[in-house]
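Fold and contact review
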Amino acid sequence: MDVKGLTSTANCAKDPSKMTWQDAGMLVPHEPLRRMMLGMKLAKVDTIDKAKKFRKWYKLFMGLLHHHHDMEEQVFFPAFEAKGVKMPQIFYDDHKELLVMLDKVKTLSVQCCKDISHAKALKVAVDDLISHVLPHLEQEEDLFNGMLRDHMTREEHDRLVQ
C-alpha cells in the first residue's frame, strides 16, 4: 500500500498549502487511523496464522482508536463545553455505534483464530466498520476544526494535548 499525501477528503485537507494549525489539529490523529484502516481493508485473513497476526494488529488499532475517542470525550469536548460550546450529539452517538462495531470485529477476529470459517463474517464486519469510521473522521474534521478556529487559541489547544 503506497498512499501519498493526505487521505482525508474533508474541506480542511483540500489544499494543504493553506492548512492552519486548527486544520492539522484533527488531521494529525486521524491520518494514521485512516491509513491503518486502508491496510486493514486489504488484509487477507484466510488462515489461522494470518488470523492470529490480524488479531494482534487489531488490538493495537483498537487501543489507538479508543485513546483517540477518550481524548475527544474526556479532554476536548469538556473544554469546549466549558466555553459554552455545545458539542454536536452526533459525535457522542457515533462513538457509541463505533464501539459496537469495534467489538464485533474483535469478537470475530478471536473466533477466526480458532476457526477460519468466520473469515467472511470478519471481512464484512471490517468493511462495515471502515464504512462508518471514515465518514465520522471527515465529519469531525469539518466540524471540529471550525470549532477550534472559533473558540480556542493555539495555546489553549497545546495545553490540552500535552
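Each remark here, short or long, concerns the structure printed above.
Along each chain, residue indices are assigned from 1 in the same order as the chain's sequence is written. Given that the model is predicted, a residue must reach a pLDDT of at least 70 before its local features are reported, and side-chain atom pairs must reach 80 or more before they are shown or counted; all residues, however, enter totals for whole chains, interfaces and linings. With hydrogens and water excluded, all non-hydrogen atoms of the structure serve as input to the side-chain values.

**Structural notes on the overall build of the protein chain**
Applied cut-off: Secondary structure elements are taken from DSSP: a helix is a run of H or I of four residues or more, a strand is a run of E of two residues or more, and numbering for both begins at the N terminus. Each residue is assigned to one of three classes by its accessible area relative to the maximum for its type, calculated with a 1.4 Å probe on protein chains only: buried under 20%, partly exposed between the two thresholds, exposed over 50%. We call two residues in contact whenever any of their non-hydrogen atoms come within 4.5 Å of each other. Reported accessibility uses the Shrake-Rupley method at a 1.4 Å probe radius. Residues are deemed covered only where the shown protein chains occlude them. For the purpose of counting charges, residues Lys and Arg are taken to be positive, whereas Asp and Glu are taken to be negative. His and the chain ends are not included. In plain terms, the charge of a residue is placed at NZ if it is Lys, CZ if Arg, CG if Asp and CD if Glu.
Secondary structure assignment for the protein chain yields 5 helices and 0 strands. Scanning the protein chain from its N terminus toward the C terminus, one meets helices and strands in the order α-α-α-α-α. When each of the 162 residues of the protein chain is scored for burial, the buried share is 40%. Considering only intrachain contacts with a sequence separation of at least 6, the fraction spanning at least 24 residues in the protein chain is 77%. Accessible area for the protein chain stands at about 9000 Å²; split by element, carbon and sulfur atoms hold 58% of it. When the 24 basic and 25 acidic side-chain charges of the protein chain are each reduced to a single mean position, those positions are 8 Å apart.

**Considerations on the side chain of Arg55**
As a reminder of what qualifies: For salt bridges, the criterion is a side-chain nitrogen of Lys or Arg within 4 Å of an Asp or Glu carboxyl oxygen.
Looking at the element boundaries, Arg55 is found in helix 2 (residues 48–82). This buried residue, Arg55, is left without a salt bridge; Asp103 holds the nearest opposite charge, at 8.6 Å. Ignoring any residue separated from it by four or fewer positions in sequence, one finds Arg55 in contact with Lys106, Ser109, Val110 and Cys113.

**Topic: the side chain of His69**
When you line up the elements, His69 lands in helix 2. For His69, a relative accessible area of 5% translates into the label buried. Once residues within four sequence positions are removed from consideration, His69 is found in contact with His95, Leu98 and His136.

**Side note on the packing of aromatic side chains**
By convention here, two paired aromatic rings are described through the distance between centres and the angle between planes. The cut-off we apply is this: Pairing of aromatic rings covers Phe, Tyr and Trp, the last through its six-membered ring, and needs centres within 6.5 Å; plane angles under 30 degrees mean stacked, over 60 mean edge-to-face, and all others mean tilted.
A full pass over the atoms with the stated rule returns 8 aromatic pairs. Judged by centre distance (5.8 Å) and plane angle (15 degrees), the ring pair of Phe54 and Tyr58 falls under stacked. Of this pair, Phe54 and Tyr58 both sit in helix 2, 4 residues apart, which is roughly one turn of that helix. Of the two residues examined, Phe54 and Tyr58, each falls in the buried class. Ring geometry for Phe77 against Tyr92: centres 5.1 Å apart, planes inclined by 75 degrees, an arrangement best described as edge-to-face. On the criterion of sequence distance, the pair formed by Phe77 in helix 2 and Tyr92 in helix 3 (residues 89–112) is long-range, its members being 15 residues apart. Note on Phe77: relative accessible area 0%, which makes it buried. Note on Tyr92: relative accessible area 21%, which makes it partly exposed. Each residue in the set Phe54, Trp57, Tyr58 and Phe61 is aromatic and connected to the rest through ring pairs, giving one cluster.

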